[in-house]
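Chain by chain, the residues:
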Amino acid sequence: MEFFEPTSVQEAVRLLDAYGESARPVAGGTFVSILLKQGLAAPSCLVSLGRVPGLDAITFDPHEGLRLGALVTHRAVERSPLVRSHLPVVADAFHLIANVRIRNVGTVGGNLCEADYASDPPPVLTALGAEVVAVGPGGARTIPAESFIVGHYQTALAPNELLVEVRIPPPGANCRATYVKHVSRSSEDRPCIGVAAALWTDAAGRCQSVRVAVGAVADTVQRVPEAEAMARGEALTPSLARAIAERYARAVEPIADLRGSAWYRREMVRVFVRRALERLIDAEG
């Protein structure tokens, strides 16, 4: 196995392009190391991104929103004053990832490229309308976070593309957002279900838009637009939250794994979508 340490995004992309699917980029290495130890991956080369400058930055602009470089660690996100000031729900979600040892090493880009269905950040990024910036031989392109993970451990990236940044639009003063997580085995375990909800209201407090993203229950993050539409133009109430949660529970097709059966997950969708929306109601006061 060859090991490369490029010093620019362009050099890293050239290596990925040259080696194709036999190459694997490495950021924090928390996921890649597991794959290698268990014999689940055997790349012919590893492309370390640790020496590429500029990928570990966190910035915020009132017009462009929050930007998280691919090499920003989970711990940096949860502790960032910028993140906590402008998008505290993002800091809260990253705080819930595994344990502090993992968060000190794991990265924003690595987490998304892992495409683990049972992960905390993807639902939050989906609910907030985030985008992923990918760079390949033909230049840069943006991919909605909602469609970045396309299947079990599969992303929308081409083999010669590199995730370099996550962009989250400014939420605005009329936005409230939350993330609730349920674990069924231990506090450090991956979620059995994770629900992110973001609500935008008008001056009268009525819903302009709501986005509810459910993670860890299927191969990809789940949204049910027809359920979200139930809230448009209405005041969000406990009864409306229950109705939306019921629609979500009927619409999703849960998987079964060691964290819960398909039946259990469907019941938890009903419970935690309601709880997430009720949190937004409570936050209004």
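Quick caveat, the model's predicted, so the values are computed rather than measured.

Engineer: Got a sec to walk through the sheet that holds strand β3 (residues 45-48)? Specific residues and values, please.
Structural biologist: The parallel open sheet is built from three strands, whose spatial order is β1-β3-β2. Lying at the two open borders of the sheet, with one neighbouring strand each, are β1 (2-4) and β2 (23-26). The mean inter-strand angle of the sheet, taken between neighbouring strand axes irrespective of direction, is 20°. Where β2 and β3 come together, four bridges link them in parallel fashion. Following the sheet pairing, P25 is matched in β3 by V47.

Engineer: Lay out the packing of aromatic side chains with the relevant residues and their values.
Structural biologist: In the structure shown here, the tally under the stated rule is two aromatic pairs. Measuring from ring centre to ring centre gives 5.8 Å for F31 and Y153, while their planes differ by 25°; the resulting arrangement is stacked. One end of the pair, F31, is in helix α2 (residues 30-37); the other, Y153, is in the loop between β8 (149-151) and β9 (154-155), with 122 residues separating them in the sequence. Among the residues examined, Y153 registers a relative accessible area of 38% and is labelled partly exposed. In this structure, R190 packs its charged tip against the face of Y117, placed 5.8 Å from the ring centre. A cation over an aromatic ring shows up here: R275 above the ring of F272, its NZ or CZ 4.8 Å from the ring centre.

Engineer: Which residues make up the environment of L55, and what are the values?
Structural biologist: Relative to the helices and strands, L55 resides in the loop between β3 and β4 (58-61). In this structure the C-alpha to C-alpha distance between L55 and E161, which are 106 residues apart in sequence, comes to 15 Å. Sequence-distant contacts of L55, defined by excluding residues within four places in its chain, comprise V9, G69, A70, L71, V72 and V164.

Engineer: Got a sec to walk through the side chain of D116? Specific residues and values, please.
Structural biologist: Within the fold, D116 resides in the loop between α7 (108-114) and α8 (121-127). Here A118 takes part through its backbone nitrogen, which lies 3.0 Å from a polar atom of the side chain of D116. Only 2.8 Å separates the side chain of D116 from the side chain of R190, close enough to count as a polar contact. Those residues in contact with D116 that lie beyond four places of it in its chain are Y153 and R190.

Engineer: Go over α2, please, and point to the residues and values.
Structural biologist: Within the sequence span of α2, burial applies to F31, V32 and L35. Relative to the axis of α2, the buried residues are bounded by an arc of 95° and lie together on one face. Turning to α2, the residues buried within the fold contact β2, β3 and α7. A positive backbone phi angle near 70° is found at G39, which sits one or two residues after α2.

The rules behind the values
Residues numbered from 1 in each chain as written. Predicted model: local features only at pLDDT ≥ 70, side-chain atom pairs only at ≥ 80, totals over all residues. Heavy atoms only, no water. Pairing = 2+ DSSP bridges. Helix = DSSP H or I, 4+ residues; strand = E, 2+ residues; numbered from the N terminus. Axes fitted to C-alpha atoms, helices over the stretch in contact; angles between N-to-C directions. Phe/Tyr/Trp six-rings, centres within 6.5 Å; stacked < 30°, edge-to-face > 60°. Buried < 20%, exposed > 50% of the residue type's maximum accessible area, 1.4 Å probe, protein only. Lys NZ or Arg CZ within 6 Å of the ring centre and 35° of its normal. Contact = heavy atoms within 4.5 Å. Polar contact = N/O pair within 3.5 Å; in protein donor to acceptor, adjacent residues only side chain to side chain. Arc of directions from axis to C-beta.

Fair warning: the whole summary comes from geometry, so function is off the table for now.
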